[in-house]
Amino acid sequence: PRLLSQFFFADERVTRVVAEINGLDAELDPQQYLVLLNQLHLSQAHLLAVLERIMEECIPTQRHSRDYLVKFPEELLVDSLGNHMLFAAECLLAGTFLEVEEADGAQLRPQARNLLCSLELVRTVLREQSLSQPSSYPEPVQAVLVQFDRLFAEFELSYVSSLVGVKSPEEIYRQQEIIVLFCETVERALRLGYLTQEMIDGYEPLLMFTIPRLAIISGLLIYPEGPLSLERSPEEMSRVFSPFYNLLKKIRDLLRVLSAEELCLLERSLCTAE
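Rules behind the numbers
- Residues numbered from 1 in each chain as written.
- Predicted model: local features only at pLDDT ≥ 70, side-chain atom pairs only at ≥ 80, totals over all residues.
- Heavy atoms only, no water.
- Helix = DSSP H or I, 4+ residues; strand = E, 2+ residues; numbered from the N terminus.
- Rg over C-alpha atoms; globule rule 2.2 N^0.38 Å.
- Contact = heavy atoms within 4.5 Å.
- Areas by Shrake-Rupley, 256 points an atom, 1.4 Å probe, with all protein chains shown as cover.
- Lys, Arg positive; Asp, Glu negative; His and termini not counted.
- Charge placed at Lys NZ, Arg CZ, Asp CG, Glu CD.
- Core = buried A, V, L, I, M, F, W, Y, C linked by side-chain atoms within 4.5 Å.
- Buried < 20%, exposed > 50% of the residue type's maximum accessible area, 1.4 Å probe, protein only.
- Salt bridge = Lys/Arg side-chain N within 4 Å of Asp/Glu carboxyl O.
- Domains from an automatic or database assignment.
- Axes fitted to C-alpha atoms, helices over the stretch in contact; angles between N-to-C directions.
- Parallel < 35°, antiparallel > 145°, perpendicular 65-115°, else oblique.
- Nonpolar A, V, L, I, M, F, W, Y, C, P; charged D, E, K, R; others polar.
- Phe/Tyr/Trp six-rings, centres within 6.5 Å; stacked < 30°, edge-to-face > 60°.
- Arc of directions from axis to C-beta.

1. Description of the overall build of the chain
Here is step 1: A tally of regular secondary structure across the chain gives 10 helices and 0 strands.
Here is step 2: For the chain, the N- to C-terminal ordering of α and β elements is α-α-α-α-α-α-α-α-α-α.
Here is step 3: Taking 274 residues into account, the globule formula puts the C-alpha radius of gyration at 19 Å, and the chain, at 26 Å, lies well above it.
Here is step 4: The dimensions of the chain, computed from C-alpha atoms along their principal axes, are 80 × 45 × 35 Å.
Here is step 5: The contacts in the chain between residues at least 6 apart in sequence include a share of 70% that link residues at least 24 apart.
Here is step 6: Looking at the chain as shown, the accessible area adds up to about 16,200 Å², and 56% of this sits on carbon and sulfur atoms.
Here is step 7: Charged side chains in the chain number 24 positive and 41 negative. The centres of these two groups are separated by 3 Å.

Structure (structure tokens):
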């Protein structure tokens, strides 16, 4: 059950697969090479998972911030992201630019080299510690882990930033504004009886249409200084709403001529219409 013991055997598997790959002629047996390559990816993923648990146990308060992950597109936030970063670093160090432009790859290579050297040091130190005192993490071990954690985070942010458009702080703030608007919209709809708690608890499919519709009305009339504020220019609005700037102005103008009773009737109809 000791994490250092688990790390030792996970590291052994990686070492064994690497040795088999190095002793194989890929041109003579390409199928076996692909099998071993898949085994390497799986064994490295397991090694990183154990290492992650070790860092959570050993240096929980010294971990490098991962706040930058909120800037990443959601499709990248998968369990295999760490293993993909390791594979990317290995490719860059070998001079292979699979996903990035050559100029970006050249800039990333020093970071990739530092990361892989740090990982090798971590593997050496943890193997030695697992054979001597597998239940403790002395200060030198902690220092090596802190350095690796920092280098991994820095490379991850740099590499992903070279692949996709990373959200700016302003875009993240606008996204948070929309979340707040939707929360206030739901709270208001519950208070006025447009929705019921049972509908929300039961994940009523109609809510996927109802809540955004009510949020547009709330954003234009009830919370006019929020993310749907038309006092801003389209460029200052969230990209979710900016393409519909002129349409939103027309909707706001129409809503302003409605009486309180007519507005209530409209909102109730939006909760039932498909």
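Moving on from the model shown.
2. Focus: the nonpolar core
Here is step 1: Ranked by internal contacts, the top residues of the largest apolar core, which has 45 residues, are Leu 51, Ile 54, Leu 126, Leu 145, Phe 148, Phe 155 and Tyr 159.
Here is step 2: Listing elements by their share of this core, those giving two or more residues are helix H1 (3-22), helix H2 (30-58), helix H3 (81-93), helix H4 (102-132) and helix H5 (139-163).
Here is step 3: For this core, the leading source of residues is H5, giving 10 residues.
Here is step 4: Sequence-distant contacts of Leu 126, that is, excluding residues within four places in its chain, are made with Leu 4, Phe 7, Leu 51, Ile 54, Val 141 and Leu 145.

3. Points about the pattern of salt bridges
Here is step 1: Taken as a whole and judged by the stated rule, the model has 12 salt bridges.
Here is step 2: The partner of Arg 63 in a salt bridge is Glu 52, with the nearest N and O atoms 3.1 Å apart. Taken as a pair, Arg 63 in the loop between H2 and H3 and Glu 52 in helix H2 lie far apart in primary sequence, 11 residues in all.
Here is step 3: Taking the relative accessible area as the measure of exposure, Arg 63 reaches 17% and is therefore buried.
Here is step 4: What makes Glu 52 partly exposed here is its relative accessible area of 34%.
Here is step 5: Note that Glu 177 and Arg 232 form a salt bridge whose closest N and O atoms lie 3.1 Å from each other. Placement of Glu 177 in helix H6 (residues 169-192) and of Arg 232 in the loop between helix H8 (207-222) and helix H9 (245-256) is noted, with a sequence separation of 55 residues between them.
Here is step 6: A residue is classified by how much of its surface remains accessible, and Arg 232, at 19% relative accessible area, is buried.
Here is step 7: In the salt-bridge network here, residues are joined through shared partners; they are Asp 11, Glu 12, Glu 120, Arg 123 and Arg 127.

4. Overview of the domain arrangement of the chain
One widely used convention gives an interface's size as the accessible area the parts lose upon coming together.
Here is step 1: By the assigned domains, the chain splits into domain 1 (3-163) and domain 2 (169-272).
Here is step 2: Each of domain 1 and domain 2 has a C-alpha centre, and the two are 44 Å apart.

5. Observations regarding the packing of H3 against H5
Here is step 1: In contact at an axis separation of 10 Å, H3 and H5 are set at 80° when each is read in the N-to-C sense. By the angle class used here, H3 and H5 are roughly perpendicular. Seen from H3, the contacting residues are Leu 81, Gly 82, Met 85, Ala 88, Ala 89 and Leu 92; seen from H5, they are Phe 152, Phe 155, Glu 156, Tyr 159 and Val 160.
Here is step 2: Classifying every residue of the contact of H3 with H5 by side-chain character gives 9 nonpolar, 1 polar and 1 charged.

6. Some words on the side chain of Ser 218
Here is step 1: With respect to the helices and strands, Ser 218 occurs in helix H8.
Here is step 2: For Ser 218, the residues in contact, after removing those within four places along its chain, are Leu 181, Thr 185, Arg 188 and Tyr 223.

7. So, the packing of H8 against H9
Here is step 1: It is at 10 Å that the axes of H8 and H9 come closest, and there the two elements cross at 70°. One element, H8, and the other, H9, form an angle in the roughly perpendicular class. For the pair formed by H8 and H9, the contact residues are Ile 216, Ile 217, Leu 220 and Leu 221 on the first element and Leu 248, Ile 251, Arg 252, Leu 255 and Arg 256 on the second.
Here is step 2: In the contact of H8 with H9, the residues fall into 7 nonpolar, no polar and 2 charged.

8. As for the packing of aromatic side chains
Here is step 1: If you walk through the whole model with that rule in mind, you get 3 aromatic pairs.
Here is step 2: Between Phe 8 and Phe 9 the ring centres are 5.4 Å apart and the planes differ by 90°, which places this aromatic pair in the edge-to-face class.
Here is step 3: With a relative accessible area of 17%, Phe 8 lands in the buried category.
Here is step 4: Taken together, a centroid distance of 5.7 Å and an interplanar angle of 65° make the contact between Phe 148 and Phe 152 edge-to-face. Within this pair, Phe 148 and its partner Phe 152 are both found in helix H5, separated by 4 residues, close to a single helical turn. Of the two residues examined, Phe 148 and Phe 152, each falls in the buried class.

9. Some remarks on helix H10 (residues 260-270)
Here is step 1: Of the residues making up H10, those classed as buried are Leu 263, Glu 267 and Leu 270. Taken around the axis of H10, the buried residues stretch over an arc of 60°, which confines them to a single face. The exposed set on the far side of H10, more than 90 degrees from its buried face, consists of Glu 261 and Leu 265.
Here is step 2: Buried positions along H10 lie against H6, H8 and H9.

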